[in-house]
Amino acid sequence: MLAQHFCNWRAPSAPEKSILCVGLELENIAEWPCQCALHTSPQEQQEAGRYLHIEDAARHLAGRALARRLLRAAFGQDCVAEFARSPYGKPFCPGVSADFSISHSGSMVWVALCRCASVGIDVESMRPLPDAAELTSQLHPQEQKDLLSLPQAELQTAFYRCWTRKEAIIKAVGMGLSIPLQSFSVNTGPQDSGWIASFTANAAQGTATMLEDGGQWTSLDIRTTEDYQCSVAAHSPCLDVVVCLAR
Ligand SMILES: CC(C)(COP(=O)(O)OP(=O)(O)OC[C@H]1O[C@@H](n2cnc3c(N)ncnc32)[C@H](O)[C@@H]1OP(=O)(O)O)[C@@H](O)C(=O)NCCC(=O)NCCS
């Protein structure tokens, strides 16, 4: 999508009992910071000004602008003045009973919004990863075993799949990397839903209860374009997932 089309773009409204996932593919990315001014706060614009690269500023502002457009579509124009951040850095909208999660990579920005559960989304641009085998050492032993048993040609895609799934869970819980990556596992196979696998007791304090019951989650990979991997997870079972990619 070109930045100048964002203002007239009609943001979808999040249904109850579902996860709304909306992606924007940013065309001519350097033009986005200026166009996002209407939908971002002075504080966010100040934050964006600290990025060295305009692409990073554009992704940050587009993510915040998209989240705000979705919240306004769901809760009305006046609902969102300034986002706050949790002690671990997850943005939230004070006074609104909905959770959202932002992710950006390459020219993609995704936001997931859920009115009934904590939600996390992660998108990654799948660049070549020559050291994928070594990177698996950061993961849960079962994930490591599964990935290293794959033929080399399949390893990279499977690694990204595993990565975005874990990251979506981490972002739903909201505690960042204080949750040890080895403390929970996902299925690394190509089945695109229900991939939360197991949790061990040593998950960081406060997360164990959320993580213990894998069956109490909705988890899904989202089809974007072939160069990207994207996953969403929410702490409530059997939610519908509504997906919209604006290009
Ligand atoms: C910040 C983190 C939550 C995700 O970061 P990331 O994948 O590098 O980047 P993304 O674009 O997907 O997400 C960044 C957004 O997450 C949100 N975020 C920041 N802290 C968060 C937290 N504790 N919980 C949930 N969301 C958070 C913010 O909206 C941020 O964007 P913004 O500052 O522009 O608003 C964190 O998990 C991290 O640093 N991860 C490092 C990567 C890693 O080792 N992953 C291993 C997975 S196998």
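Notes on the structure in this doc start here. Keep in mind it's a predicted model, so treat the numbers as computed, not measured. (Residues numbered from 1 in each chain as written. Predicted model: local features only at pLDDT ≥ 70, side-chain atom pairs only at ≥ 80, totals over all residues. Heavy atoms only, no water.)

Comments concerning the side chain of Thr218
How we decide: The helix and strand labels rest on DSSP assignments: H or I over at least four residues marks a helix, E over at least two residues marks a strand, and numbering proceeds from the N terminus. The cut-offs for exposure are 20% and 50% of the maximum accessible area for each residue type, with area from a 1.4 Å probe on protein chains only; residues under the lower value are buried, those over the upper are exposed, and the others partly exposed. We define a polar contact as two N or O atoms separated by no more than 3.5 Å, with the added condition that, inside protein, one atom must be a possible hydrogen donor and the other a possible acceptor, whereas residues neighbouring each other in sequence contribute only through side-chain atom pairs.
Here Thr218 is to be found in strand S9 (residues 218-222). Looking at Thr218, the relative accessible area reads 9%, which means it is buried. A polar contact of 3.2 Å, which involves the side chain of Thr218, links it to the backbone nitrogen of Cys238. A polar contact is formed between the side chain of Thr218 and the backbone nitrogen of Leu239, at a distance of 3.0 Å.

Some details on the pairing of strand S5 (residues 108-114)
The two faces of the sheet receive side chains in turn, since in a regular strand these alternate between them. What counts here: A strand pair is defined by DSSP finding two or more bridges across the two strands.
The buried count for S5 comes to seven of seven residues, which makes it a mostly enclosed element. The side-chain alternation of S5 yields two buried faces, one formed by Met108, Trp110, Ala112 and Cys114 and the other by Val109, Val111 and Leu113. One ladder, built from seven bridges, connects strand S1 (residues 18-25) with S5; its direction is antiparallel. Each residue of the ladder has a partner; that of Gly23, found in S5, is Trp110. Pairing of strand S4 (residues 99-105) with S5 involves seven bridges; the strand directions are antiparallel. The partner of Ser101 across the bridge, within S5, is Ala112. Between S4 and S5, which pair antiparallel and follow one another directly, the connecting turn spans two residues, one of which, Gly106, has a positive phi of 55 degrees.

Observations concerning the pattern of salt bridges
Short version of the rule: In what follows, salt bridge is the name for a side-chain nitrogen of Lys or Arg lying within 4 Å of a carboxyl oxygen of Asp or Glu.
Here the structure, examined in full by the defined rule, presents nine salt bridges. Where Arg247 meets Glu25, a salt bridge forms, and the shortest distance between an N and an O atom there is 2.8 Å. Of this pair, Arg247 sits in the segment after strand S11 (240-246) while Glu25 sits in strand S1; the two residues are 222 residues apart in sequence, bridging distant segments of the chain. Given the relative accessible area of 18%, Glu25 is considered buried. Between Asp56 and Arg59 there is a salt bridge, with the nearest N and O atoms lying 2.9 Å from each other. Pair noted here: Asp56 and Arg59 are both in helix H3 (residues 54-75), with a separation of three residues, about one helical turn.

Quick look at the sheet that holds S1
Convention followed: Under this scheme, a helix contributes an axis fitted over its contacting stretch, all axes are lines through C-alpha atoms, and angles between N-to-C directions fall in the 0 to 180 degree range. The contact definition used throughout considers only heavy atoms, calling two residues in contact when any of these lie within 4.5 Å.
Spatial ordering of the open sheet is given by S4-S5-S1-S11, a layout of four strands whose pairing is mixed. The two strands at the open ends of the sheet, each matched to only one other strand, are S4 and S11. Pairwise comparison of adjacent strand axes, ignoring direction, gives a mean angle of 15 degrees for this sheet. Note: S1 against S11, seven bridges, orientation parallel. The residue bridging Val22 from the neighbouring strand is Cys244, located in S11. Strand contacts of H3: S1, S4 and S5, with the helix running at about 30 degrees to S5, the strand carrying the most contacts.

Focus on helix H6 (residues 152-173)
The condition is simple: By this rule, a helix spans an expected 1.5 Å times one less than how many residues it contains.
For H6, built from 22 residues, the straight-helix expectation of 32 Å at 1.5 Å per residue is met to within 8% by its first-to-last C-alpha distance of 32 Å. Gly174 occupies a position one or two residues after H6 and carries a positive phi of about 90 degrees.

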